[in-house]
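Inside the fold
What follows is each chain in one-letter form.
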Amino acid sequence: MTAKSSEQRILAAIRAIPRGQVAGYGEVAQRAGLPGRARLVARVLGNHDEPDLPWYRVLRSDGRIAFPEGSRGFREQSQRLRAEGVRVENGRVRRVKPAPDLDEALWGPGAG
DNA sequence: AATTTGACCCGTC
DNA sequence: AGACGGGCCAAAT
């Protein structure tokens, strides 16, 4: 038997996204062992047939919904995200604040 | 077969 | 924040 197809790995990575949390296409691709294949992830999402697939937890790297504002997918995704407690604002998801660099902590404002 | 398209990403300005 | 260019890969034209 051959190895699992990339599609299966991508689907698995998407299913692995915890409820109430989101992930970027590139992030999913990387978790699926396919770094740089973000577009492939998008294609797979467009071809998905599984109703239980949390496709709505996948966003752009900017934290924005990949659908055009006002589109059906856009509203559905934003609504589903809000249903999980994700804060969606103007088609954009408030992502987790990145950890500050050590230099910033040491040499930041007030360190002088 | 070449070009365009698509639920994209990253570094740089 | 937004704009630009390069990368990536498969389907559609």
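Residues numbered from 1 in each chain as written. Chains lettered and ligands numbered in written order. Predicted model: local features only at pLDDT ≥ 70, side-chain atom pairs only at ≥ 80, totals over all residues. Heavy atoms only, no water.

Identification of chain A as Methylated-DNA-protein-cysteine methyltransferase related protein from Pseudoxanthomonas wuyuanensis is taken from an unreviewed UniProt entry.

Within the structure, DNA strand B sits among 13 residues, and Tyr25, Ala38, Arg39, Trp55 and Ser61 are positioned closest to it. For DNA strand B, the fraction of protein-proximal atoms (within 4 Å) that sit in sugar or phosphate groups is 43%. Between DNA strand B and the protein, one listed contact pairs a base nitrogen with a side-chain N or O atom of Tyr25 at 3.1 Å. Among the elements of the structure, helix 2 (25-31) and helix 3 (38-47) are those that each provide at least two residues to the surface near DNA strand B. The greatest single-element share of the surface near DNA strand B, amounting to five residues, is contributed by helix 3. Per-class residue counts for the surface near DNA strand B are seven nonpolar, four polar and two charged. (Near = heavy atom within 4 Å. Polar contact = N/O pair within 3.5 Å; in protein donor to acceptor, adjacent residues only side chain to side chain. Helix = DSSP H or I, 4+ residues; strand = E, 2+ residues; numbered from the N terminus. Nonpolar A, V, L, I, M, F, W, Y, C, P; charged D, E, K, R; others polar.)

We now examine the pattern of salt bridges. Taken as a whole, this structure holds six salt bridges when the rule is applied. For Arg15, the salt bridge is made with Glu50, and the minimal N-O distance between the two is 3.1 Å. Remark: Glu50 occurs in the loop between helix 3 and strand 2 (58-59) and Arg15 occurs in helix 1 (residues 6-15); sequence separation between them is 35 residues. You can call Arg15 partly exposed: its relative accessible area is 37%. Arg80 is paired through a salt bridge with Glu76; the nearest N and O atoms lie 3.3 Å apart. Of this pair, Arg80 and Glu76 both sit in helix 4 (residues 72-83), four residues apart, roughly one helical turn. Judged by relative accessible area, Arg80 falls into the partly exposed class, the value being 38%. Using a relative accessible area of 25% as the deciding quantity, one classes Glu76 as partly exposed. The network of salt bridges with shared partners includes Arg72, Glu76 and Arg80. (Salt bridge = Lys/Arg side-chain N within 4 Å of Asp/Glu carboxyl O. Buried < 20%, exposed > 50% of the residue type's maximum accessible area, 1.4 Å probe, protein only.)

Turning our attention to the side chain of Gln77. Turning to its location among the elements, Gln77 is positioned in helix 4. Owing to a relative accessible area of 1%, Gln77 belongs among the buried residues under this scheme.

Lining the immediate environment of DNA strand C, one finds Arg37, Arg39, Arg43, Arg64 and Arg92. For DNA strand C, the backbone portion of the atoms within 4 Å of the protein, that is sugar and phosphate, comes to 64%. One of the side-chain nitrogen or oxygen atoms of Arg37 is found 2.5 Å away from a phosphate oxygen of DNA strand C. Partitioned by chemical class, the residues of the surface near DNA strand C number no nonpolar, no polar and five charged.

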